[in-house]
Amino acid sequence: MKRLLAAFAFVLLGASPPISAAPQQADVIIRQVTIVDVEGARPVPGQAVVLRGDDIVAVGADAAIARQWRAKRRVAGEGKFLIPGLWDMHVHFGGGPELIEENRALLPLYVANGITTIRDASGDLPDQVLGWRSEIADGRLFGPRLLTSGAKIEGIKPLWKGTIEVGSTADVDAALARLKDRDKVDFVKITDSTLKPELFLYALTRAKALGLRTSGHIPMALTVQQAVDAGISSIEHLDYAYNAGARDEAVIAADFAAGRIDRAEANRRLDAGFDRATAMAAYRRFAAQGVSVTPTLNGSRIIAYLDRDDHKKDAGLAYIGPKLRKTYDWRVERAAKADAAAIAARHEQIEAVATILPMLAEAGVPIIAGTDAGFLNSFNYPGFGLHDEIGLFVEKGLTPAQALVSATRAGPAWFGWLDRYGAIKPGMAADLVLLTRNPLDDIAATRAIDSVILRGAVHDRAALDAMLADTKAKVAAWDAAVVR
Ligand SMILES: [Zn+2]
């Protein structure tokens, strides 16, 4: 009361009350740090950031903030760079029920690599992943915020396991009702190994009407624009966006649909028909219709160069359990069967596809960073892979700032959550990564992690190293059990 009266007196006298008289209490203060304004692509030096619970509550010039706040924990930010938490918007968990433990052991790898949110794009353990989502949210399981599609929608007897098989519009309606009401999924994933093209379009339209975001693989019998018009919200894998650049895409799709050409011939003609003006016109339509692209470029690059790159000594292997490593064999064996012409074609294809990355950016299509890390996808290491992905974005023509946006803001933007994630301002989530170097100068700086703050909890370098060591020890124990 006395304090209130004093403040009142100051107001009456026309002077401002001394702020230092009543510092507010917080949990964490990061002092003298350079904030990376990702949206503005500029560093803001000399800042302090205050966290309470899982919120950012104050940000500003260091001296002023330090006068107003007292915190239980102080993090020294001198010479360091603070970015919003990273999002990996395309990961997988799966490989069957015997691989649940090995999949769970991947979760800390994301956090140790600065990734505070992951979007699971479906695997074959949908119920398990839905369970992990809740366990992480209420603190029973340690891991990044987990968003998931639950089971993906597919045709009857598909290549992929862990799906909801649909053969009619009634099946699609039932699948969407289950995903929305029972599973409360964060988005819907639709793949096309056996799904009828008309049901693919129907599922997109119905999902949109229900307010669900969609992502998926576009059937060869359709043009990309048909999927866009039906309401697809994100195109996964750069190849599909590349196909939209073929001058005669509609004819090729129709020929494939009618069974006049096979998939290989369709791909050959799509490639031969690629034209910059056609592509740019298509990408401007994507942008106007609010469609994002998740390139998963690093995953495609790894597969394309399996003939050339020796992964046996990859440091990442030490973090992947033996049963998960076994799932890598599928692609490795398939690649080994390819002849010289097929290998050369694969190399050419990945390089051609990668050229559209700066075109998408120029057209204003939001580019979302996602790795495709998880089972089956050989040598694409959970957590570590996101840094490879955004490094590749820069190598292929994006600026470091654009690459940073793809990994911090594009995910939240896709979900409509930019009011909570993707910037360092009061009211935002306390998900942050403290780097020892400036990522606007060199995107590789996202690997130089001093600390990760996840839901307000500070994990310093020693804690991050302990997370990595813990998963490594688990893998070593599993390996030893296999040998015996
Ligand atoms: Zn995938």
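Being a predicted model, the structure only gives us computed values, none of them experimental.

Trainee: Could you give me a rundown of the overall build of the protein chain, with the residues and numbers involved?
Mentor: Within the protein chain, the secondary structure is distributed over 21 helices and 17 strands. Taken along its principal axes, the extent of the C-alpha atoms in the protein chain is 85 × 60 × 45 Å. The proportion of buried residues among the 484 residues of the protein chain is 54%. Long-range pairs, those at least 24 residues apart, make up 73% of the contacts in the protein chain with a sequence separation of at least 6. Side-chain charges of the protein chain comprise 58 positive and 58 negative groups, with the mean position of each set lying 5 Å from the other.

Trainee: Now, about empty space enclosed by the protein: what can you tell me, with residues and values included?
Mentor: Within this structure, the stated rule accounts for one cavity of 30 Å³ or more. Empty space within the largest cavity amounts to approximately 60 Å³. Along the walls of the largest cavity sit Pro-84, Gly-85, Trp-87, Thr-116, Arg-420, Tyr-421, Gly-422, Ala-423, Met-428, Ala-429, Asp-431 and Leu-432, which together make up its complete lining. The class makeup of the residues in the lining of the largest cavity is seven nonpolar, three polar and two charged.

Trainee: Talk me through the confidence of the model for the protein chain; I want residue IDs and the actual numbers.
Mentor: Averaged over all residues, the pLDDT of the protein chain is 94; the fraction at 70 or higher stands at 95%. In the predicted structure, residues 1–17 sits below a pLDDT of 50 and forms six contacts with residues beyond four places in sequence or in another chain.

Trainee: Got a sec to walk through the pairing of strand β8 (residues 145–148)? Specific residues and values, please.
Mentor: Put simply, side chains in a regular strand alternate between the two faces of the sheet. Covered by surrounding structure in β8 are Arg-145 and Leu-147 together with Leu-146 and Thr-148, the residues of both alternating faces. Bridge count between strand β7 (residues 115–120) and β8: four bridges; the pairing is parallel. Its bridge partner lying in β8, Thr-117 is registered against Arg-145. Taken together, β7, helix α5 (residues 126–137) and β8 constitute a β-α-β crossover, and its handedness is right-handed.

Trainee: Requested: an account of the environment of Asp-127, with residues and values cited.
Mentor: Along the chain, Asp-127 falls in helix α5. For the pair Asp-127 and Ala-227, spaced 100 residues apart in sequence, the C-alpha to C-alpha distance is 28 Å. If we skip the residues at most four places from it in the chain, Asp-127 touches Arg-178 and Arg-182.

Trainee: Before we move on, could you go through the packing of aromatic side chains and cite the residues and values that matter?
Mentor: All chains considered together, the criterion is met by twelve aromatic pairs. Between Tyr-242 and Phe-274, the aromatic rings sit 4.7 Å apart at their centres with planes inclined by 10 degrees, giving stacked as the arrangement. In this pair, Tyr-242 is assigned in helix α9 (residues 238–243) and Phe-274 in the loop between α11 (263–272) and α12 (276–288), connecting sequence segments 32 residues apart. For the pair Tyr-319 and Phe-384, a centre-to-centre distance of 5.1 Å together with 40 degrees between the ring planes defines the contact as tilted. Linking Tyr-319 in the loop between α13 (297–304) and α14 (322–327) with Phe-384 in helix α18 (residues 384–395), this pair joins segments that are 65 residues apart in sequence. Taken together, Trp-87, Phe-187, Trp-414, Phe-415, Trp-417 and Tyr-421 form an aromatic cluster joined through their ring pairs. We note Arg-119 situated over the ring of Phe-187; from NZ or CZ to the ring centre the distance is 4.6 Å. Directly above the aromatic system of Trp-330 lies the positively charged group of Arg-334, at a separation of 4.9 Å from the ring centroid.

The rules behind the values
Residues numbered from 1 in each chain as written. Predicted model: local features only at pLDDT ≥ 70, side-chain atom pairs only at ≥ 80, totals over all residues. Heavy atoms only, no water. Helix = DSSP H or I, 4+ residues; strand = E, 2+ residues; numbered from the N terminus. Buried < 20%, exposed > 50% of the residue type's maximum accessible area, 1.4 Å probe, protein only. Contact = heavy atoms within 4.5 Å. Lys, Arg positive; Asp, Glu negative; His and termini not counted. Charge placed at Lys NZ, Arg CZ, Asp CG, Glu CD. 1 Å grid on protein atoms, 1.4 Å probe; cavity = no way out; pocket = protein on both sides within 12 Å on 5 of 7 lines; lining within 4 Å. Points joined across faces, edges and corners; volume = space filled by probe spheres on them. Nonpolar A, V, L, I, M, F, W, Y, C, P; charged D, E, K, R; others polar. pLDDT = per-residue confidence, 0-100. Pairing = 2+ DSSP bridges. Right-handed = clockwise from strand over helix to strand, strands pointing away. Phe/Tyr/Trp six-rings, centres within 6.5 Å; stacked < 30°, edge-to-face > 60°. Lys NZ or Arg CZ within 6 Å of the ring centre and 35° of its normal.

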